[in-house]
2 protein chains.
Amino acid sequence: MRYIIITMNGLDLAILGLLHEQELHGYEIRRRLRDDLGLFANISFGSLYPALSRLERAGLVVTTIDEGRAGRAPIPLTGSLGGERAVLRARRAGVGRAPSSRRSRKVYRITESGRDQFTRMLEDGAAASTDDDRGFGLRLAFARHLSPRARLRLLEGRRAHLAERLAAETARAGGGGLDPYTRSLAQHASEATERDITWLDHLIESERLGLDDSTSSHVPAPDPATTKGSNP
Amino acid sequence: MRYIIITMNGLDLAILGLLHEQELHGYEIRRRLRDDLGLFANISFGSLYPALSRLERAGLVVTTIDEGRAGRAPIPLTGSLGGERAVLRARRAGVGRAPSSRRSRKVYRITESGRDQFTRMLEDGAAASTDDDRGFGLRLAFARHLSPRARLRLLEGRRAHLAERLAAETARAGGGGLDPYTRSLAQHASEATERDITWLDHLIESERLGLDDSTSSHVPAPDPATTKGSNP
DNA sequence: GTCATCATGTAAGCCGTTACATGATTGC
DNA sequence: GCAATCATGTAACGGCTTACATGATGAC
């Protein structure tokens, strides 16, 4: 039993969220933060490694040393003369990614205590993180681990905050005396916030449908978000 | 002559930018940062006052004590330039609210050295601040103090950065394996970036027109940005 | 044999926050 | 008289960055 109290900032939460699915080593955690979540883009090692140590000291994760395992021969590294970097990339990044022998690395695995803490913090923050852009994004990225009710609270809280923000922004854009650049900036910002709100409204709506379907049961994977594409 | 080297972070730049137009006291600077610029929303006094002291020590601003003057004394701080605007601003600052005597306050005025430093930093940063959202917003808000050329560089640099960001975001949104929430988030982010780019393209276009009009002359107030409204 | 990439860390510092401390003036 | 607002500051701390330090491996 560890009673170390941990502040649990955003980075810690994000790390536990990633480890919730599978064990990873530090370098790879950084890659996923960037490529998969898009949050904490290029977090520095000066933040990452101390965070991992902290989590370990707090007993929320445990580590095992993954010594260089060249013997498994998972990837024909030198053999391919095609020089297809894409193949390596895809392998490394995606599903078929076997741990190629590199330097010995520390593999982090979440503990039961870590899972508890993660869930608690995710729910606690959902109520209060509405005014923090990254905090909200982080919570939404892990929203599948929230109960339908908590999820709805998160979305509605965020919406309320954005409505306030929009009011301030339209006031600014509408007020006189600003030079063209500042005005254009303010106008663009208010339009962006409007779209954010519309987007949230869609999420909220489909969330409500999910709630009505199965009353008071907390299924983990309810309903796909609005699927409107804009890319080829 | 002061030779104190100052790092000149965003807040310092914003303060000098506001003081560029008229002298102000600390509390009012904070209000304008929030209400007029929308940047550094609710900057804390724990940041603001030390910043002002720093600027004063560096000789970029000077202070005078504005002792409590209970008599109506309308706007004692109409600076030399931008007079007509200053009056309007001060009047509208509080609808019925003449700047009545409060506690004695320190009024900050920018020095010649401060103006030089401001301009230099604004131009220097214009080349490099493209990857910093707030840094860019700040520069654009003061873009009227930039030469048309520097302004164009600022906008184009930002555009290039956003194009990179968009590539990463569409890759994320398009890639498989994400849960609905994360995917929706990624998609929404990429759409927002697309709009940012479109907006920048309009700004760049009208900036180019301004350049063509008066070749190689650097007029301070060139061309109003695209004026398309979305609010009542 | 040297460079790029993978991999893990520490130290110093910047930029901003909250909490604390003080005080004047206006309005109820 | 008391609360709200205006007004100026200091102290402590948090989160993240850059720069520094080390080392293995594979590619050229």
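Residues numbered from 1 in each chain as written. Chains lettered and ligands numbered in written order. Predicted model: local features only at pLDDT ≥ 70, side-chain atom pairs only at ≥ 80, totals over all residues. Heavy atoms only, no water.

A. Quick peek at the packing of aromatic side chains. One pass over the structure, following the stated rule, counts six aromatic pairs over all chains. A centroid spacing of 5.6 Å and a plane angle of 20° characterise the contact between Phe 45 of chain A and Tyr 49 of chain A, whose relative ring orientation is stacked. With Phe 45 of chain A and Tyr 49 of chain A both in helix 3 (residues 45-57), this residue pair falls four residues apart, about one helical turn. For Tyr 49 of chain A, a relative accessible area of 35% gives the class partly exposed. For the ring pair Phe 118 of chain B and Phe 142 of chain B, a centre distance of 5.6 Å and an interplane angle of 85° mean the geometry is edge-to-face. On the criterion of sequence distance, the pair formed by Phe 118 of chain B in helix 5 (residues 112-128) and Phe 142 of chain B in the loop between helix 6 (133-141) and helix 7 (148-174) is long-range, its members being 24 residues apart. Of the two residues examined, Phe 118 of chain B and Phe 142 of chain B, each falls in the buried class. Following the ring pairs from residue to residue traces out a cluster consisting of Tyr 27, Phe 45 and Tyr 49 of chain A. The aromatic ring of Phe 45 of chain A is capped on one face by Arg 30 of chain A, whose charged end is 4.6 Å from the ring centroid. (Phe/Tyr/Trp six-rings, centres within 6.5 Å; stacked < 30°, edge-to-face > 60°. Helix = DSSP H or I, 4+ residues; strand = E, 2+ residues; numbered from the N terminus. Buried < 20%, exposed > 50% of the residue type's maximum accessible area, 1.4 Å probe, protein only. Lys NZ or Arg CZ within 6 Å of the ring centre and 35° of its normal.)

B. Region of the structure containing the sheet that holds strand 3 (residues 105-110) of chain A. All names here are of chain A. With antiparallel pairing, the three strands of this open sheet are ordered in space as 1-3-2. Two strands lie at the open edges of the sheet, namely strand 1 (24-25) and strand 2 (61-66), each paired on one side alone. As judged from the six bridges shared by strand 2 and strand 3, these two strands associate in the antiparallel manner. Within strand 3, the position partnered with Ile 65 by the bridge is Lys 106. Lying over the sheet, helix 3 contacts strand 2 and strand 3, oriented at roughly 115° with respect to strand 2. (Pairing = 2+ DSSP bridges. Contact = heavy atoms within 4.5 Å. Axes fitted to C-alpha atoms, helices over the stretch in contact; angles between N-to-C directions.)

C. Examining helix 5 (residues 112-128) of chain A more closely. Residue and element names in this part refer to chain A. Helix length check: helix 5, at 17 residues, gives a terminal C-alpha distance of 25 Å against a target of 24 Å (1.5 Å per residue), a fit within 8%. All of the buried residues in helix 5 are Gly 114, Gln 117, Phe 118, Met 121, Leu 122, Gly 125 and Ala 126. Taken down its axis, helix 5 places every buried residue within 160° of arc, on the same side. In helix 5, the exposed positions angled more than 90 degrees off the buried face are occupied by Glu 112 and Ala 127. (Expected span 1.5 Å × (residues − 1). Arc of directions from axis to C-beta.)

D. Region of the structure containing the sheet that holds strand 3 (residues 105-110) of chain B. All names here are of chain B. Read across the sheet, three strands follow the order 1-3-2 without closing on themselves; strand pairing throughout is antiparallel. What marks the edges here is a single partner per strand, and that holds for strand 1 (24-25) and strand 2 (61-66). Where strand 1 lies against strand 3, two bridges are found, and the strand directions are antiparallel. Paired with His 25 across the bridge in strand 3 is Val 107.

E. A look at the nonpolar core. One finds Ile 15, Leu 16, Leu 19, Ile 29, Leu 33, Phe 40 and Leu 140 of chain A to be the most contacted residues of the largest nonpolar core, which totals 49 residues. At seven residues, helix 1 (residues 10-19) of chain A tops the list of elements feeding residues into this core. Residue contacts for Phe 40 of chain A: discarding those within four places in its chain leaves Gly 10, Leu 11, Ala 14, Leu 33, Arg 134 and Leu 138 of chain A. Membership of the second largest hydrophobic core comes to 48 residues, among which are Ile 15, Leu 52, Leu 55 and Leu 155 of chain B. (Core = buried A, V, L, I, M, F, W, Y, C linked by side-chain atoms within 4.5 Å.)

F. Focus on the domain arrangement of chain A. Residues and elements named next belong to chain A. Each domain of chain A was delimited in the assignment, giving domain 1 (1-67 + 102-146) and domain 2 (151-215). Centre-to-centre, using C-alpha coordinates, domain 1 lies 28 Å away from domain 2. Counting residues at the interface gives 14 residues for domain 1 and 11 residues for domain 2. Area buried by domain 1 at its contact with domain 2 is led by Thr 130, Phe 136 and Leu 140, which between them contribute 48% of it. Counting across the domain 1 and domain 2 interface gives two salt bridges. (Domains from an automatic or database assignment. Buried area = accessible area lost by both parts, 1.4 Å probe. Salt bridge = Lys/Arg side-chain N within 4 Å of Asp/Glu carboxyl O.)

G. Broad picture of unusual backbone geometry. Backbone geometry at Phe 40 of chain A places phi at a positive 50°, although glycine is not the residue there. Inspection of the secondary structure puts Phe 40 of chain A in the loop between helix 2 (26-37) and helix 3.

H. Geometry of the pattern of salt bridges. All names here are of chain A. Applying the stated criterion across every chain yields a total of 32 salt bridges over all chains. Note that Arg 109 is salt-bridged to Glu 23, the shortest N-O span being 3.3 Å. With a gap of 86 residues between them, Arg 109 in strand 3 and Glu 23 in the loop between helix 1 and strand 1 connect regions that are remote in the sequence. Given the relative accessible area of 41%, Glu 23 is considered partly exposed. Here Glu 112 makes a salt bridge to Arg 115, at a shortest N to O gap of 3.8 Å. Here the residue Glu 112 and the residue Arg 115 both occupy positions in helix 5, the gap between them amounting to three residues, near one helical turn. Residue class for Glu 112 comes out exposed when judged on its relative accessible area of 57%.

I. Looking closely at the packing of helix 1 (residues 10-19) of chain B against helix 2 (residues 26-37) of chain B. Residues and elements named next belong to chain B. Here helix 1 crosses helix 2 at 90°, and the two axes come no closer than 11 Å. Here helix 2 runs roughly perpendicular to helix 1, going by the angle between their axes. Listed contacts from helix 2 to Leu 11, Ala 14, Ile 15, Leu 18 and Leu 19 of helix 1 are Ile 29, Arg 32, Leu 33 and Leu 37. When its residues are assigned to classes, the contact of helix 1 with helix 2 shows eight nonpolar, no polar and one charged. (Parallel < 35°, antiparallel > 145°, perpendicular 65-115°, else oblique. Nonpolar A, V, L, I, M, F, W, Y, C, P; charged D, E, K, R; others polar.)

J. Structural context of the side chain of Arg 158 of chain A. Residues and elements named next belong to chain A. Along the chain, the position of Arg 158 falls in helix 7 (residues 148-174). Among the polar contacts made by the side chain of Arg 158, one reaches the main-chain carbonyl oxygen of Thr 130 at a distance of 2.9 Å. Within polar-contact distance, the side chain of Arg 158 engages the side chain of Asp 133 at 3.3 Å. Non-local contacts of Arg 158, meaning those with residues more than four positions away in its chain, are made with Thr 130, Asp 131, Asp 132, Asp 133, Phe 136, Arg 165 and Leu 200. (Polar contact = N/O pair within 3.5 Å; in protein donor to acceptor, adjacent residues only side chain to side chain.)

K. Representation of the packing of helix 6 (residues 133-141) of chain A against helix 7 of chain A in the model. All names here are of chain A. Two elements in contact, helix 6 and helix 7, have axes whose closest approach is 11 Å; the angle formed by their N-to-C orientations is 155°. Of the possible angle classes, the one that applies to helix 6 and helix 7 is roughly antiparallel. Relative to helix 7, helix 6 is oriented so that their crossing is left-handed. Here Asp 133, Phe 136, Arg 139 and Leu 140 of helix 6 come into contact with helix 7, specifically with Leu 154, Leu 155, Arg 158 and Arg 165. Broken down by class, the residue content of the contact of helix 6 with helix 7 amounts to four nonpolar, no polar and four charged. (Left-handed = near helix turned anticlockwise from the far one by under 90°.)

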